Amino acid sequence: MKHYLPDPDQIPGEAQPQELPPWGETRVVGRSLSRVDGYELVSGTAVYTLDLTLPDMLHAVIVRCPHAHARVVRVETSRAEAMPGVRAVLTASTPGAEIPWYFGDDGPTSRLFDSHCRYAGEEVAAVAAETVHQAWDAARAIEVEYEVLPFVIDEAEALEADAPAVHEGGNLTEQREFARGDVEAAFAEADVVLGGTFRTPCELHAPLETFVSVARWDGDRLTVWDSTQGVFARQQELARYFRLPLTSVRVICPYVGGGFGAKLSTGKYTVIAALAARMTARPVKLAVTREDSFLSEGNRPANTIRLKAAAMRDGTLTALEGEFLGSVGAYPSGAVSPYLLLALYDCANARAATTEVYTNAGRARAFRAPAFPPCAWALEQTIDALAEEIGMDPVEFRLKNLATVLQLRDDLPYTSIGLRECIIEGAREFGWESARSRPQQDGHLRRGVGMAAGMWAYPGEPRATVFVKLFADGSVNLNMGASDIGTGTKTVMAMVVAEELGVPLEQIQIEHADTGTTQYAPASGGSQTVVVSSPAVRAAAVDVKGQLLEIAAAELERPAEGLVLRDGQVVPIDDEGAAVPLAELRGLRQRQNIVGVGRRHPHPEGKIALPFCAQFADVEVNTLTGEVRVARLLAAHDSGRVMSYLTYENQVFGGMAMGIGFGLTEDRVLDSQTGKMVNHNWHDYKIPTAKDVPLEQTCVPIDPHDTECNTTGAKGLGEPAHIPTAAAIANAVYHATGVRVHDAPITAMQMVRLLAETRGD
Amino acid sequence: MLPQFDYVRPGSLSEAIEHGATDGAILHAGGIDLLGCLRDGVFTADKLVAIAHLAELRGIDETRDGGLRIGALTTLSEIAAHPLIGERYTVLSQGAGSAASPQLRNQGTIAGNLCQRPRCWYFRGDFHCLRKGGSMCYAVAGANQYHCIFGGDRCYIVHPSDTAPALVALDARVRIVGPSGQRVVPLDSFFVPPGQDIRRETILEPGDLVVEVLLPPPGMGLRSVYRKVRARGVWDFALAGAAAALTISDGRVTGGRLVLSGVAPIPWRAAEAERALAGSRLDAETIRRAAQACVADARPMTHNGYKVDLVRGVVEETLRSLA
């Protein structure tokens, strides 16, 4: 995660504040309640950044390099500048545009408009005009002369001695090795050794709301409405780019139509909008088109993973070894991760080597559990193959080899680990044993079932501050910095407030994701939002509750310990008839507001809180055409406490739908002759449709009742929901056909060929 | 963003023909294909000639000979839902129903579906390819997994339509009106392969309009079916498909056609397979032989060899469903 989110271990610590006791039985938390913003989302009244129009607003568009690798020789803007409606043209020579960009370990590797263009789609110039159509016409009128350079788009070729250099200093960005035990000896002594080379596709982010910012200056104060996963992260980066104090940069994001990791770091489009706004003294909106966002705004890199594994006949996993190769694209990012290989199973001997390279392609971004689904694809298929080789059921083999501590971090204990229950309960609910032994053939159709396990690695950035304000009428304002990226964050947090203060959800208003008016929260990414912010929300609500009960205790002349808050009233436990509505408390009317402040407590010492999961797939393969239909999916997740049942289920189903895309349909295609992407649109880039996602999906929450992870007992869910899906499908395809598919996605194109080869056609 | 163009809404068919014959004019009916091409800069237009409001181009009617007339502006949804078409010309109903997505089928017309431009990503993308007047076909040495295995000749597009193979299988004709009068052409000879002319896909001349599609009366014992294999469940063109319209009497194939989609620049008649089927019972051996005959002339490229297996498979499945 190092390229995407802060390392929690690097955040300065502090004295342990007094923690709240864990919840017992909850009244609101965990229920199936409609989203607090459901009406706005469904009715279309929610104003996303893409919908935003400000008075006098200009529209900006970006001119992009059409070549995979080129040097800008000359940019001729005079014709564009003279066109109707054009108010600003920005190029590398525009004052203020010399902003360093794409930071690696040794500093910046590029700048806002770099004359050395390293992928097709790189930003070369921009135009701001009165209408978006005028801006596009002017952008097309900008003449750019390029010196076209040789390019490299293949990761392995990028490492060859005579490969074109994406950056001076070569294409190798990072090589790492991890090892424990004696892998060679374990392979020599094992009963069974097997392995293979697996490849996963480059996936593109496709959030429904594209990448968009609206920027406005008031003197030297900058306000940016941005479709972002984290307003505070964006504020910090913009302050740095424009050399402003943090207080002079305000970032606002009331709604975001999806991000999936690509909206964690600042896009050039945001800074270009802000620069154009400063030049023109007008608000500027810059919305990246779908096609351009596919080129520039993010991807999950293709991975090539060579895996080798060993086991004894009794079912003991004895060695794991993996070599990982991936490309970060043209600029620093992350591409591969051996984490699952080194952490999911108890294995004394393990070794991994990772190689990451530059290529002339769009830069990778975080993408829902970066690099974990590729590793699961390889690891979980290899585990499946090992189980078969020693004649053991895949469920039983996994159960025999589960890790109980984090081997990657000196056997650090977990605050809780529900992986065993995920596998056992998941298999039971799925009907694993009967599905595994049912008749498989129906004419030329073959059925099969498979499963895969997973875990997620990011414990969250343990800092957030939340205000909760109770008004004199008993209604409540929740003020927090966290973004709701479509996952239901607002609903979850409102339920936490309702739990503590006993007010109905309709009485809670939420201010959030605004650096000017709300408090710090980390970006919504890495499955940390509920983990980090819900304890802070709880603490703020408890602060309010304490103050309120003090007032009530004095007025009711009863001890505060004998009072509870329920249904907008103060209720004496031993005399419910004496309940008083909050609005009738004189002390509250006198103060008008009670404000509570809550802060996130640090992570527990000497332990780590991480989520686990197991997913099961039932597929049908057409042996004549190679088509794979996912008939049903089941997900059993240990993400700690279920905070809100409906949004929990939404997350799981959404993660699995994305897993179907990763496993069956999605694949960026670059043309080998030009290095240009050929499928940068929603027709040619195959995102799964409603018809590709099974009607029968089951969510089985496993709650280990973790009282140590944090004060709400929740662990992350967004990432793990996506990690094992494709691998489970691949194992099901193997069970159905006997064909082990090493390369994702399992398209009909690939499958029909593999089936023919197996038949000997 | 769309380029600048004039937009006219002619009051009659003859006016539409007049406008359509002017330089740089393009007809606009459903607009499904046209607007995408203009936005993506595949080609430009000086004038769009709206025809969607011309009532005489609508409607589905039985003809005196027992066949069917389908107006050019009939939407794919209307065809897919039409009971008579479903009953007598199943292959067409299924072809129309499997095209694109429900929203696109509500807007897209039958004539537009027949006249749509190729979906080749080089043709649609920022590549000055042979079909756009350039000097090379990028698919030859490039990403050709979606390209043709039959009928390629310097250009390797596939025909994108799902209704065209069904209509060819049914021996449909189209009525064309234009500046030089009107003519009725078998759909079989409506499409232009690259070997004949690399810059166009149909025989239409400037100002020509397809006004209706004419289906012959269904033959005795006609059984027909369309089966399409695609990369995802909906909103996708065929990787390969088979449209079969066979007349079967006493268990023997007495005639009919087998037409492939997604594998050639035009709807591809599997003539060898038709011969293999003629006079035979649809038993496992005949079906296998016919499926094999379909691919005898296949010339796969570097990344589309799977289409040979896929054609065999989809034809086998299609014929089995008729047996």
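Treat the numbers as computed from the prediction; the structure is a model and nothing was measured. (Residues numbered from 1 in each chain as written. Chains lettered and ligands numbered in written order. Predicted model: local features only at pLDDT ≥ 70, side-chain atom pairs only at ≥ 80, totals over all residues.)

Let us look at the overall build of chain A. Helix and strand counts for chain A stand at 19 helices and 33 strands. For 761 residues, the compact-globule estimate of 2.2 N^0.38 gives 27 Å, and the C-alpha radius of gyration of chain A, at 27 Å, lies within 12% of that figure. If you line up chain A on its principal axes, its C-alpha atoms span 85 × 75 × 50 Å. Burial analysis of chain A (761 residues in total) assigns 58% to the buried set. Taking the contacts inside chain A whose residues are at least 6 apart along the sequence as the reference set, 81% of them involve residues at least 24 apart. (Helix = DSSP H or I, 4+ residues; strand = E, 2+ residues; numbered from the N terminus. Rg over C-alpha atoms; globule rule 2.2 N^0.38 Å. Buried ≥ 20, exposed ≤ 12 C-beta atoms within 10 Å, placed from the backbone. Contact = placed C-beta atoms within 7 Å.)

Turning to the nonpolar core, a few remarks are in order. Counting 353 residues, the largest nonpolar core has Ala60, Val127, Ala276 and Val497 of chain A as its most contacted members. Discounting residues that sit within four places of it in the chain, valine 127 of chain A has contacts with Ala60, Val61, Ala80, Val86, Val89, Ala135, Ala138 and Ala139 of chain A. (Core = buried A, V, L, I, M, F, W, Y, C linked by C-beta atoms within 7 Å.)

According to UniProt, the feature "domain: FAD-binding PCMH-type" (unreviewed entry) maps to residues 1–220 of chain B in the numbering used here. The distance separating the terminal C-alpha atoms of residues 1–220 of chain B is 52 Å; by composition the span is 27% helix and 17% strand. (UniProt positions renumbered as here; feature names shortened; annotations may be inferred.)

Let's shift gears to the interface of chain A and chain B. Interfaces are often described in size by the accessible area the parts lose on coming together. On the side of chain B, 25 residues touch chain A, which itself brings 29 residues to the contact. Every element with two or more residues in the side of chain A that touches chain B is listed here: helix H3 (132–141) and helix H19 (748–759) of chain A. Top contributing element to the side of chain A that touches chain B by residue count: H19 of chain A, with 5 residues. Residue composition of the side of chain A that touches chain B, grouped by class: 10 nonpolar, 10 polar and 9 charged. (Nonpolar A, V, L, I, M, F, W, Y, C, P; charged D, E, K, R; others polar.)

What follows is about the pairing of strand S23 (residues 445–455) of chain A. Looking along a regular strand, one sees the side chains alternate between the two faces of the sheet. All names here are of chain A. Most of S23 sits out of view: 9 of its 11 residues are buried. Sheet topology places strand S22 (residues 441–442) next to S23; 2 bridges connect them, and they run antiparallel. Counterpart to aspartate 442 in the pairing with S23 is leucine 445. Connecting the antiparallel pair S22 and S23 is a turn made up of 2 residues, with glycine 443 showing a positive phi of about 60 degrees. For S23 and strand S31 (residues 612–622), the ladder comprises 11 bridges, and the chain directions are antiparallel. (Pairing = 2+ DSSP bridges.)

Looking now at the packing of helix H10 (residues 372–389) of chain A against helix H18 (residues 725–737) of chain A. All names here are of chain A. Here H10 crosses H18 at 35 degrees, and the two axes come no closer than 8 Å. Handedness of the H10/H18 crossing: right-handed. Contacts between H10 and H18 involve Pro373, Ala376, Trp377, Glu380, Gln381 and Asp384 on the former and, on the latter, Ala726, Ala727, Ala730, Asn731 and Tyr734. Taken together, the residues that form the contact of H10 with H18 break down as 7 nonpolar, 2 polar and 2 charged. (Axes fitted to C-alpha atoms, helices over the stretch in contact; angles between N-to-C directions. Left-handed = near helix turned anticlockwise from the far one by under 90°.)

Here we come to the sheet that holds strand S30 (residues 593–599) of chain A. Residue and element names in this part refer to chain A. Read from one edge to the other, the open sheet built from 4 strands follows the order S26-S25-S24-S30, with strand pairing classed as mixed. Each edge of the sheet is formed by a strand with only one pairing partner; in this case those strands are strand S26 (508–512) and S30. Adjacent strand axes in the sheet meet at a mean angle of 15 degrees when their direction is disregarded. Here helix H15 (residues 529–556) sits on the sheet and contacts strand S24 (465–471), strand S25 (476–480) and S30; the angle it forms with S30, its principal contact strand, is near 145 degrees.

Residue and element names in this part refer to chain A. Most of strand S3 (residues 86–90) is tucked away, with 5 of its 5 residues classed as buried. The sheet contact formed by S3 and strand S7 (residues 123–129) spans 4 bridges and is antiparallel. Within the sheet, the bridge partner assigned to valine 89 lies in S7 and is valine 127.

All right, on to the sheet that holds strand S11 (residues 252–261) of chain B then. Residues and elements named next belong to chain B. Overall, antiparallel pairing links the 4 strands, which are arranged S9-S10-S11-S12 in an open sheet. Each having just a single partner strand, strand S9 (222–229) and strand S12 (268–269) make up the two edges of the open sheet. In this sheet, S12 lies alongside S11 in antiparallel orientation, the contact comprising 2 bridges. The partner of leucine 260 across the bridge, within S12, is tryptophan 268.

Next up on the list: the environment of alanine 129 of chain A. All names here are of chain A. Positionally, alanine 129 belongs in strand S7. Spatially, the C-alpha atom of alanine 129 lies 55 Å from that of threonine 382, the residues being 253 residues apart in sequence. In this view, alanine 129 contacts Leu58, His59, Gly85, Val86, Arg87, Gln134, Ala135 and Ala138; residues no more than four positions away in its chain are not counted.

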